[in-house]
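# Descriptive structure summary
Chain by chain, the residues:
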Amino acid sequence: MKKKFNVLCTIVFIILAINLGGSLYYAGLGAAEGMEIAINRHRMTDKTVVTKTPVVISFLPTEVMTRPDSVVNTVTGKKTGIMAAQAMLWVDKEVTGGVLGFIAGFLAIGSCVLMLLIMWHFFNFIRNINRMEIFTWKNVNLLETMGGLLVTVFVMNIGYTAIQYWQVSQVFALEGRIFDFLTPLTDSTLILGVLAMITGEVFAMGLRLKKDQELTI
């Protein structure tokens, strides 16, 4: 039973690590490219060069039956209809800057930091279970903390995405498409957070019942 538990927890831990690693990779890549652009601009005599930054945007069609875009299917060599639901746009750096850009960056970095804390709490939870310290208040606190952090990450991701979408929507629009501001609601961190808090509450109920039984005896 313990082996199966460890396998399942390892899978969850790997998924969390992959998600965090992806975020850190693209954040580091963007920072490196931004530094390279800044150095190149400093060496240039013309300082008016406008830099671009990529932003991933999700779209919804204004009409489901509207005429789709056309691309070439490389398998058959024929053109086929397609309607992009997500795209990476390159917008001027100034679009995603300013106070709102700073807030969005703070939310993105904060989300990564919280994910590290979640992984640390999850590791401690696994360690306690392997030590046969299962129904303890220590685990209740770990589960409730993980749940709260996951819900906070969810809220921060919504804030980050909403700010970026709003900034881009001021300078970009696509015919037959609208920005899908509900995309962050599909983030699984909310469900995981609520499940962690529910599990923590179940552990707490079990501990209270055990204490009541000991008192009655």
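Residues numbered from 1 in each chain as written. Predicted model: local features only at pLDDT ≥ 70, side-chain atom pairs only at ≥ 80, totals over all residues. Heavy atoms only, no water.

## A look at the overall build of the protein
Counting its regular elements, the protein contains four helices and five strands. Considering the protein as a whole, with its 217 residues, one finds that 27% of them fall into the buried category. For the protein, the accessible surface area stands at approximately 14,800 Å², while carbon and sulfur atoms represent 68% of it. (Helix = DSSP H or I, 4+ residues; strand = E, 2+ residues; numbered from the N terminus. Buried < 20%, exposed > 50% of the residue type's maximum accessible area, 1.4 Å probe, protein only. Areas by Shrake-Rupley, 256 points an atom, 1.4 Å probe, with all protein chains shown as cover.)

## So, the side chain of Thr-189
By the element assignment, Thr-189 lies in helix H4 (residues 189–216). In this structure, Thr-189 is in contact with Leu-150, Val-153 and Phe-154, ignoring residues within four places of it in sequence. (Contact = heavy atoms within 4.5 Å.)

## With respect to the pairing of strand S3 (residues 79–82)
Note that strand S2 (residues 69–72) and S3 share four bridges and pair antiparallel. Residue Val-72 lies in a different strand from S3, and its bridge partner there is Lys-79. Connecting the antiparallel pair S2 and S3 is a turn made up of six residues, with Gly-77 showing a positive phi of about 80°. (Pairing = 2+ DSSP bridges.)

## Observations regarding the sheet that holds strand S4 (residues 86–92)
Spatial ordering of the open sheet is given by S4-S1-S5, a layout of three strands whose pairing is antiparallel. With one partner strand each, in any of the chains shown, S4 and strand S5 (177–179) form the two edges of the open sheet. On average, each strand axis in the sheet is inclined to that of its neighbour by 50°, with strand direction left out of account. (Axes fitted to C-alpha atoms, helices over the stretch in contact; angles between N-to-C directions.)

## Regarding the nonpolar core
Counting 14 residues, the largest nonpolar core has Leu-16, Leu-20, Leu-114, Met-115, Ile-118 and Val-153 as its most contacted members. Of all the secondary structure elements, the ones that give two or more residues to this core are helix H1 (2–43), helix H2 (98–130) and helix H3 (137–169). Ranked by size, the runner-up nonpolar core spans twelve residues in total, among them Phe-122, Phe-125, Val-140 and Phe-203. (Core = buried A, V, L, I, M, F, W, Y, C linked by side-chain atoms within 4.5 Å.)

## A closer look at a nonpolar patch on the surface
A cluster of nonpolar side chains, namely Val-99, Leu-100, Phe-102, Ile-103, Phe-106, Trp-166 and Phe-181, defines an oily patch on the protein surface of about 770 Å² accessible area. In terms of residues, the nonpolar patch owes the most to one element, H2, which gives five residues. With respect to the element layout, Phe-106 can be found in helix H2. Owing to a relative accessible area of 55%, Phe-106 belongs among the exposed residues under this scheme. (Patch = residues over 30% accessible without salt bridge, like charges linked within 9 Å, V, L, I, M, F, W, Y side chains within 5 Å. Salt bridge = Lys/Arg side-chain N within 4 Å of Asp/Glu carboxyl O.)

## Looking at the environment of Ile-198
Of note, Ile-198 is situated in helix H4. By relative accessible area, Ile-198 is classed as partly exposed at 46%. Between the C-alpha atoms of Ile-198 and Glu-144, which are 54 residues apart in sequence, the distance is 8.2 Å.

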